[in-house]
Amino acid sequence: MSDAPWLVVGLGNPGAQYAGNRHNVGQMVLDELARRAGVTFASRGGGLLGRRPQAATADARLGTLPGGVPGPRVVLAKPTTYMNVSGGPVAALARYHDVPPERVVVVHDELDIPFADVRLKRGGGEGGHNGLRDTTKALGTKDYVRVRVGVGRPPGRQDPADFVLKDFSGPERKDLPWLVDRAADAVEAVVTDGLEAAQLRFHTKA
């Protein structure tokens, strides 16, 4: 399994109407990773994922190892299913590429983290996140890596489900490129340096 690529998945909903939503920040991070790697996403379906394409994927190398060597092989993936049924494409890609759960990285929005913070963990609960819940069910384990991109709590009594399906506010949009960039850095750190080293870097206040 040491030669297996990493599978890096950005959760979100398909369609232009959802593209700027807080719920789609994981896919924004995947777009940034693809940009850095100089690759483009292509839909995958057929024998791999069923009759209809259920993920847009790109093969890449992320980060740089000592000596300027290109970083590890990764499969970047954006499910084209709705958030609540993300697990099927994730599990299918993991099986197809022979990726063990410990090399699966899921990038997602996190209500319980302040906006613009990034946190990393392996396993644990899903915190009411239906995309994570379905991914855990499909993989048959919680023991995959999560890159948790903070979007903060909804104001007042706003329903969290409505909050994540709205675009970032004007002030947030000013800082959104920085947040996406930081989350992309976190993914690169996980695959090049390991989870513990990445946690030390991103969980320590400057």
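Per an unreviewed UniProt entry, the protein chain goes by Peptidyl-tRNA hydrolase and derives from Cellulomonas dongxiuzhuiae. Taken verbatim from the UniProt record of the protein chain, the Catalytic activity (unreviewed entry) comment is "an N-acyl-L-alpha-aminoacyl-tRNA + H2O = an N-acyl-L-amino acid + a tRNA + H(+)". Per UniProt, the protein chain carries the Subcellular location (unreviewed entry) text "Cytoplasm".

### Things to note about the overall build of the protein chain
Helix and strand content of the protein chain: seven helices and nine strands. Taking 206 residues into account, the globule formula puts the C-alpha radius of gyration at 17 Å, and the protein chain, at 16 Å, falls close to it. Overall, the C-alpha framework of the protein chain stretches about 50 × 45 × 30 Å when taken along its three principal axes. Burial statistics for the protein chain: of 206 residues in total, 50% are counted as buried. Summing over all exposed atoms, the protein chain offers an accessible surface of approximately 9,800 Å²; the carbon and sulfur share of this is 49%. Here the protein chain contributes 27 positive and 23 negative side-chain charges, whose respective centroids are spaced 3 Å apart.

### Some thoughts on the UniProt feature "site: Discriminates between blocked and unblocked aminoacyl-tRNA" (unreviewed entry) in the protein chain
Feature annotation in UniProt places "site: Discriminates between blocked and unblocked aminoacyl-tRNA" (unreviewed entry) on Asn 13, given in this structure's numbering. Structurally, the position occupied by Asn 13 is in the loop between strand E1 (6-10) and helix H1 (25-37). Setting aside residues up to four positions removed in sequence, Asn 13 forms contacts with Tyr 18, His 23, Asn 24, Gln 27, Tyr 82, Met 83 and Leu 165.

### Some details on helix H4 (residues 130-139)
Buried within H4 are the following residues: Gly 131, Leu 132, Asp 134, Thr 135, Thr 136 and Leu 139. In this fold, the buried residues of H4 make contact with helix H3 (87-96), strand E7 (104-110) and strand E9 (145-150). In the segment just after H4, Gly 140 is the residue with positive phi, at about 75 degrees.

### What about the packing of H3 against H4?
Taken N-terminus to C-terminus, the directions of H3 and H4 make an angle of 40 degrees; their axes are 8 Å apart at the nearest point. By the criterion of interaxial angle, the relationship of H3 to H4 is oblique. The crossing of H3 and H4 is right-handed. In this structure, H3 uses Gly 87, Gly 88, Val 90, Ala 91 and Ala 94 to contact H4, whose residues at the interface are Asp 134, Thr 135, Ala 138 and Leu 139.

### Looking at the environment of Val 145
Positionally, Val 145 belongs in strand E9. A C-alpha to C-alpha distance of 12 Å links Val 145 and Thr 135, two positions ten residues apart in sequence. Apart from the residues within four sequence positions on either side, Val 145 is in contact with Glu 102, Val 104, Val 105, Val 106, Lys 121, Arg 122, Val 190 and Leu 195.

### Comments concerning the packing of aromatic side chains
One pass over the full model with this rule turns up two aromatic pairs. Ring plane angle 85 degrees and centroid distance 6.1 Å describe the contact between Tyr 18 and Tyr 82, whose orientation is recorded as edge-to-face. One end of the pair, Tyr 18, is in the loop between E1 and H1; the other, Tyr 82, is in the loop between strand E6 (73-79) and H3, with 64 residues separating them in the sequence. In this structure Tyr 82 comes out as partly exposed when scored by relative accessible area, which is 45%.

### Focus on helix H7 (residues 195-202)
Within the sequence span of H7, burial applies to Leu 195, Ala 198 and Phe 202. Buried residues in H7, looked at end-on, bunch into an arc of 65 degrees, giving them a common side. Exposed and oriented more than 90 degrees from the buried face of H7 are Glu 196 and Leu 200. If you follow the buried residues of H7, they end up packed against strand E8 (118-122), E9 and helix H6 (170-193).

Calculation notes
- Residues numbered from 1 in each chain as written.
- Predicted model: local features only at pLDDT ≥ 70, side-chain atom pairs only at ≥ 80, totals over all residues.
- Heavy atoms only, no water.
- UniProt positions renumbered as here; feature names shortened; annotations may be inferred.
- Helix = DSSP H or I, 4+ residues; strand = E, 2+ residues; numbered from the N terminus.
- Rg over C-alpha atoms; globule rule 2.2 N^0.38 Å.
- Buried < 20%, exposed > 50% of the residue type's maximum accessible area, 1.4 Å probe, protein only.
- Areas by Shrake-Rupley, 256 points an atom, 1.4 Å probe, with all protein chains shown as cover.
- Lys, Arg positive; Asp, Glu negative; His and termini not counted.
- Charge placed at Lys NZ, Arg CZ, Asp CG, Glu CD.
- Contact = heavy atoms within 4.5 Å.
- Axes fitted to C-alpha atoms, helices over the stretch in contact; angles between N-to-C directions.
- Parallel < 35°, antiparallel > 145°, perpendicular 65-115°, else oblique.
- Left-handed = near helix turned anticlockwise from the far one by under 90°.
- Phe/Tyr/Trp six-rings, centres within 6.5 Å; stacked < 30°, edge-to-face > 60°.
- Arc of directions from axis to C-beta.

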